Amino acid sequence: MDYQAVLEEVAAQVRPQIGCGQVAQYIPALASVAPEQFGMAVVDVEGGVHGVGDWEVPFSVQSISKTFTLALVLARDGEKIWQRVGREPSGNPFNSLVQLEYEHGIPRNPFINAGALVITDRLQSLTGDASSTLLEFLRTESGNPDLGFNPAVAASETDNGDRNAALAHFMAAYDNLENLVPSVLEHYFWQCSVEMSCRDLALAGRFLARHGLRADGSRLLARSEAKQVNAVMLTCGTYDAAGDFAYRVGLPGKSGVGGGIIAVIPGRCTLCVWSPGLDERGNSVAGVAALDRFTTLTGLSVF
Ligand code: GLU
């Protein structure tokens, strides 16, 4: 497969959509990102790296970080985590409160904010420093030691974090947090503020295409656990548009409000696409279109 040629064709086909949608507004530090940007990377299981457009420009990973924290907790804790968080699509916005009350403080899945807070809480208990553990992992897997947090984004999220704080307090009231709410929130906001390029993210997510094997060949996840993470990405990874994403793209994917999306073709490659303009569900307009084009042009998908 000539991934480079495919990427160039995809970039040409989605050009009209670049700049469409709205850059995330509710985190003021993200609202100033220039919308007219687009990058896409593919890293294959043999280590081939391909990219097009702004694929080496760092952006705010936001909810894409939730994929990695889930993997890090599964690697240490296995199945136990599923007693505290479900794995069903929520059908609700990612920061919704209502479902939590009906379901007694157990979030629907690890990719809505409430579920991600539970995962961060567990990673904090297991490691003593959830956000640094994540950053170290991302640096190692991407081979980029310069990756870091963006303190302005983390501060902006803290200043506008009432909804996430409400979710965390609510779960604490149901005894579904092990650490104090302020510490869980702090690590969650730091994890969301990490800045990475499409290249970095595709490299860091390569273990998902390699059935759990890390860059150095050691095992992060059992093969079945890598399958589980990919399955939850497919069903829950793109907010309450996961059905539409599966229909259009046909791959496990996880998006973030920074405009990035990672997607996985198990056994073949990991992709990352970025364009900051979001649709009303919170997914990158040009990003989803590019993945749609990629799977259509190549015939590659999990179906
Ligand atoms: N840090 C963001 C929040 O908690 C993440 C949102 C996202 O990317 O889905 O609101």
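Residues numbered from 1 in each chain as written. Predicted model: local features only at pLDDT ≥ 70, side-chain atom pairs only at ≥ 80, totals over all residues. Heavy atoms only, no water.

Asks: Please give an account of the pairing of strand 2 (residues 49-53) that cites residues and values.
Replies: Pairing between strand 1 (residues 39-44) and strand 2: 5 bridges, direction antiparallel. When the bridges of strand 2 are listed, Val42 appears paired with His50. The hairpin formed by strand 1 and strand 2 contains 4 residues between the paired strands, and Gly47 there has a positive phi angle of roughly 105°. (Pairing = 2+ DSSP bridges. Helix = DSSP H or I, 4+ residues; strand = E, 2+ residues; numbered from the N terminus.)

Asks: I'd love a proper account of the site of the ligand, names of residues and values included.
Replies: Near the ligand, the surroundings consist of Tyr26, Gln62, Ser63, Phe94, Asn113, Glu157, Asn164, Tyr188, Cys192, Tyr239, Gly256 and Val257. Within the contact set of the ligand, an oxygen atom lies 2.5 Å away from a side-chain nitrogen or oxygen of Ser63. Within the side chain of Asn113, an N or O atom sits 3.0 Å from an oxygen atom of the ligand. Of the residues that constitute the shell around the ligand, the class distribution is 6 nonpolar, 5 polar and 1 charged. (Near = heavy atom within 4 Å. Polar contact = N/O pair within 3.5 Å; in protein donor to acceptor, adjacent residues only side chain to side chain. Nonpolar A, V, L, I, M, F, W, Y, C, P; charged D, E, K, R; others polar.)

Asks: Help me get a handle on the nonpolar core, residues and values and all.
Replies: Core analysis: the largest hydrophobic core is formed by 62 residues, its most contacted members being Phe68, Leu138 and Leu201. Not counting chain neighbours up to four residues away, the residues in contact with Phe68 comprise Leu134, Phe137, Leu138, Leu201, Ala204, Gly205, Phe207 and Ile262. By size, the runner-up hydrophobic cluster in this structure holds 27 residues, among which are Ala263, Ile265, Cys269 and Ala290. (Core = buried A, V, L, I, M, F, W, Y, C linked by side-chain atoms within 4.5 Å. Buried < 20%, exposed > 50% of the residue type's maximum accessible area, 1.4 Å probe, protein only. Contact = heavy atoms within 4.5 Å.)

Asks: Could you give me a rundown of the side chain of Ser284, with the residues and numbers involved?
Replies: Tracing the chain through its elements places Ser284 in the loop between strand 7 (269-274) and helix 14 (285-298). Looking at Ser284, its side chain comes within polar contact range of the main-chain nitrogen of Gly287, at 2.9 Å. Residues contacting Ser284, with those up to four places away along its chain left out, are Gly259, Ile261, Ser275, Gly277 and Leu278.

Asks: Please provide a residue-by-residue account of the side chain of Ser255, values included.
Replies: Along the polypeptide, Ser255 turns up in strand 5 (residues 253-255). Since its relative accessible area comes to 0%, Ser255 is described here as buried. Those residues in contact with Ser255 that lie beyond four places of it in its chain are Ser63, Ile64, Gly237, Thr238, Tyr239, Gly260, Ile261 and Asn283.

Asks: Account for the packing of aromatic side chains, naming residues and giving values.
Replies: Counted by the stated rule, this structure contains 8 aromatic pairs. Summarising the aromatic geometry, the rings of Phe149 and Trp190 are spaced 5.2 Å apart at their centres and angled 65° between planes, so their arrangement reads as edge-to-face. With Phe149 in the loop between helix 6 (130-142) and helix 7 (151-159) and Trp190 in helix 9 (residues 181-193), this residue pair connects regions lying 41 residues apart in the sequence. Here Phe149 falls in the partly exposed class, since its relative accessible area comes to 26%. (Phe/Tyr/Trp six-rings, centres within 6.5 Å; stacked < 30°, edge-to-face > 60°.)

Asks: Go over the pattern of salt bridges with me, naming the residues and quoting the values.
Replies: Per the counting criterion, the structure on display carries 10 salt bridges. One salt bridge connects Asp77 with Lys80, and the closest N-O pair in it is separated by 3.4 Å. Across the salt bridge formed by Glu178 and Arg122, the nearest N and O atoms sit 3.1 Å from each other. Here Glu178, found in the loop between helix 8 (162-173) and helix 9, pairs with Arg122, found in helix 5 (residues 113-127); they are 56 residues apart in sequence, far enough to count as distant. A relative accessible area of 14% places Arg122 in the buried class. Among the charged side chains, a salt-bridge network with shared partners connects Asp77, Lys80, Arg84, Asp121, Arg122 and Glu178. (Salt bridge = Lys/Arg side-chain N within 4 Å of Asp/Glu carboxyl O.)

Asks: I'd love a proper account of helix 12 (residues 223-236), names of residues and values included.
Replies: With 14 residues, helix 12 ought to run about 20 Å at 1.5 Å a step, and its terminal C-alpha atoms sit 20 Å apart, in line with that. Three or more residues of helix 12 are buried, namely Glu225, Ala226, Val229, Asn230, Val232, Met233, Leu234 and Cys236. Buried residues belonging to helix 12 abut helix 3 (65-77), helix 11 (206-209), helix 13 (242-248), strand 5 and strand 6 (260-265). (Expected span 1.5 Å × (residues − 1).)

Asks: Please set out the environment of Tyr188 residue by residue, giving values where relevant.
Replies: Its location among the elements puts Tyr188 in helix 9. Under the relative-accessibility criterion, Tyr188 is labelled buried at 2%. C-alpha separation for the pair Tyr188 and Ala173, spaced 15 residues apart in sequence, amounts to 19 Å. Discounting chain neighbours no more than four positions away, the residues touching Tyr188 are Lys66, Asn113, Ala116, Leu117, Thr120 and Asn164.

Asks: Tell me what's going on with the sheet that holds strand 1, and back it up with residues and numbers.
Replies: Read from one edge to the other, the open sheet built from 5 strands follows the order 2-1-7-6-5, with strand pairing classed as antiparallel. Sheet topology places strand 2 and strand 5 at the edges, where each strand pairs with a single neighbour. Neighbour to neighbour, the strand axes of the sheet diverge by 10° on average, direction disregarded. In this sheet, strand 7 lies alongside strand 6 in antiparallel orientation, the contact comprising 6 bridges. (Axes fitted to C-alpha atoms, helices over the stretch in contact; angles between N-to-C directions.)

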